[in-house]
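# Summary of structural features
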Amino acid sequence: MAAPCLGMVVRSMWQFRNINRASTTLLKGIRHFSGSGECSCAVKLKYETHKPASQWKLYGAVCLQRLPVVSQDPNPIEQKFLDLMQQMELERSCLSDHELRLLEDAERMSRKQEEDYDSDDEDLVNQEIVTAQDDEDAWEQKLKRFQPAGRANGASPHIFNNHTPTGAAGEDPSSLDRCLSDSLVLLVQQEVGKEKVWLLPQLQWTTGETLRQTAERALASLPGTDLKARFLGNSPCGVYKFKFPKGVQTESCVGAKVFFFKALLSSGTNPTSEKGAFVWVKKSELKGYLKPDYLRQADRFILGL
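Figured I'd write up the structure that's included with this text. Not measured: the values here are computed from a predicted model.

Scoring rules and cut-offs
Residues numbered from 1 in each chain as written. Predicted model: local features only at pLDDT ≥ 70, side-chain atom pairs only at ≥ 80, totals over all residues. Heavy atoms only, no water. Helix = DSSP H or I, 4+ residues; strand = E, 2+ residues; numbered from the N terminus. Buried < 20%, exposed > 50% of the residue type's maximum accessible area, 1.4 Å probe, protein only. Contact = heavy atoms within 4.5 Å. Areas by Shrake-Rupley, 256 points an atom, 1.4 Å probe, with all protein chains shown as cover. Phe/Tyr/Trp six-rings, centres within 6.5 Å; stacked < 30°, edge-to-face > 60°. Expected span 1.5 Å × (residues − 1). Arc of directions from axis to C-beta. Salt bridge = Lys/Arg side-chain N within 4 Å of Asp/Glu carboxyl O. Patch = residues over 30% accessible without salt bridge, like charges linked within 9 Å, V, L, I, M, F, W, Y side chains within 5 Å. Lys, Arg positive; Asp, Glu negative; His and termini not counted. Charge placed at Lys NZ, Arg CZ, Asp CG, Glu CD. Axes fitted to C-alpha atoms, helices over the stretch in contact; angles between N-to-C directions. Parallel < 35°, antiparallel > 145°, perpendicular 65-115°, else oblique. Nonpolar A, V, L, I, M, F, W, Y, C, P; charged D, E, K, R; others polar. Core = buried A, V, L, I, M, F, W, Y, C linked by side-chain atoms within 4.5 Å.

## Focus on the overall build of the chain
- Each helix and strand in the chain was counted, giving seven helices and eight strands.
- Residues classed as buried in the chain amount to 26% of the 305 residues present.
- Within the chain, counting contacts between residues at least 6 apart in sequence, those at least 24 apart form 73% of the total.
- Total accessible area on the chain stands at roughly 22100 Å², and carbon and sulfur atoms take up 55% of it.

Here is the structure:
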């Protein structure tokens, strides 16, 4: 009787030993957590809560471009090539209806000058004949009376302190109808400190909106304008960082970062607000309006199309 009992005891102790080894092996593959992780999360949350505010104000600006309305005048090389292509086309082309009429009129005139000419042989008897040369004379007179629309000349880039530069021919730089063959950029005059400077339209970023929405708001808030534009993408095309004048700087704010977004003008009218607050300028004229550092950044993404 003692032998079976002893076997049962030994078997139970052997099973308990195997279970203990298995549990020890299983615990080795388990990640152990401690209270240090909770402490690190609490420190991180406290840092984010008391994180110091940025000393830079954020602005969203829009680079609004009006694309060319008419084609540009050809340069000497382009004009020479154009004349060559027209000459080749003329030499290889067939006679037009008008040129055939000229030949028929010349043949009719030669028959009239012959001695054996008989007017009864002509099909157009007792009818007023309008020759091709008569049509050419009428078209020539109409061409002389035609006045084509002029192309506005670009304004010369000059700075007259706080005055708006004007073109040599009394051109209005605030007009959308100037320089129809060139791409124009909208500039506005804003106060930075006590100084009035020319900038791309911009506004300060507010919490809850994206920088593109800030740029759209800057365009929509221009007084006296009704400009519709198509923005090109959601990411900025450039950034400009500058410090405020000494009299404007504070301990919590030393300057601003301006993020530029490109947009193309879809429709709009000339501004009706204070004259001289808006200008439409070509890329070559920007140096007459913008500060050198600001121009250096804007020149990277403004295309002179």
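## Re the packing of aromatic side chains
- Scanning the entire structure with this criterion turns up five aromatic pairs.
- For the ring pair Trp198 and Tyr289, a centre distance of 5.5 Å and an interplane angle of 90° mean the geometry is edge-to-face. Note that Trp198 is positioned in strand 3 (residues 195-199) and Tyr289 in the loop between strand 8 (278-281) and helix 7 (292-298), a separation of 91 residues in sequence.
- For Tyr289, a relative accessible area of 7% translates into the label buried.
- Taking 5.7 Å as the distance between ring centres and 80° as the angle between the ring planes, the aromatic pair formed by Phe260 and Tyr294 counts as edge-to-face.

## Notes on helix 4 (residues 97-112)
- Over its 16 residues, helix 4 extends 23 Å from the first C-alpha to the last, a length consistent with the 22 Å expected when each residue adds 1.5 Å.
- Among the residues making up helix 4, those that are buried are His98, Asp105 and Arg108. Angular distribution of buried residues about the axis of helix 4 spans 75°; they occupy a single face of the element.
- Against helix 5 (132-145) lie the buried residues of helix 4.

## Focus on the pattern of salt bridges
- Under the defined criterion, the tally for this structure stands at 10 salt bridges.
- Between Arg108 and Asp105 there is a salt bridge, with the nearest N and O atoms lying 2.9 Å from each other. On the criterion of helical spacing, the pair formed by Arg108 and Asp105 is a turn pair, its members being three residues apart in helix 4.
- On the accessibility criterion, Asp105 (13% relative accessible area) is buried.

## Focus: unusual backbone geometry
- In this structure, Cys179 takes a positive phi of about 50° despite not being glycine.
- Note that Cys179 resides in the loop between helix 5 and strand 2 (184-192).

## So, a negative patch on the surface
- Together, Glu128, Asp134, Asp137 and Glu140 line one region of the surface with negative charge.
- The topology assignment puts Glu128 in the loop between helix 4 and helix 5.

## Thoughts on a nonpolar patch on the surface
- Together, Phe81, Leu84 and Met85 give the surface a local cluster of nonpolar side chains, amounting to about 300 Å² of exposed area.
- By the element assignment, Phe81 lies in helix 3 (residues 76-92).
- According to the relative accessible area criterion, Phe81 is exposed, its value standing at 53%.

## Thoughts on the packing of helix 4 against helix 5
- Running from N to C, helix 4 and helix 5 point in directions that differ by 130°, and their axes come no closer than 8 Å. In this view, helix 4 runs oblique relative to helix 5, as classed from their interaxial angle. Contacts between helix 4 and helix 5 involve His98, Arg101, Leu102 and Asp105 on the former and, on the latter, Ala132, Gln133, Asp135, Glu136 and Trp139.
- The residue makeup of the contact of helix 4 with helix 5, split by class, is three nonpolar, two polar and four charged.

## Re the environment of Thr210
- Structurally, Thr210 can be placed in the loop between strand 4 (202-204) and helix 6 (211-220).
- For Thr210, a relative accessible area of 44% gives the class partly exposed.
- Residues Thr210 and Ser235, 25 residues apart in the sequence, show an inter-C-alpha distance of 9.9 Å.

## Observations concerning the nonpolar core
- Grouped together as the largest cluster of nonpolar side chains are 26 residues, with contacts concentrated most on Leu187, Leu200, Phe260 and Leu290.
- Only strand 1 (56-66), strand 2, strand 3, strand 6 (238-243), strand 7 (255-267), strand 8 and helix 7 provide two or more residues apiece to this core.
- Sequence-distant contacts of Leu187, that is, excluding residues within four places in its chain, are made with Trp198, Leu199, Leu200, Ala277, Phe278, Val279, Val281, Leu286, Tyr289 and Leu290.
- In this structure, Val62, Val188, Leu222 and Phe259 belong to the second largest nonpolar core, which totals 19 residues.

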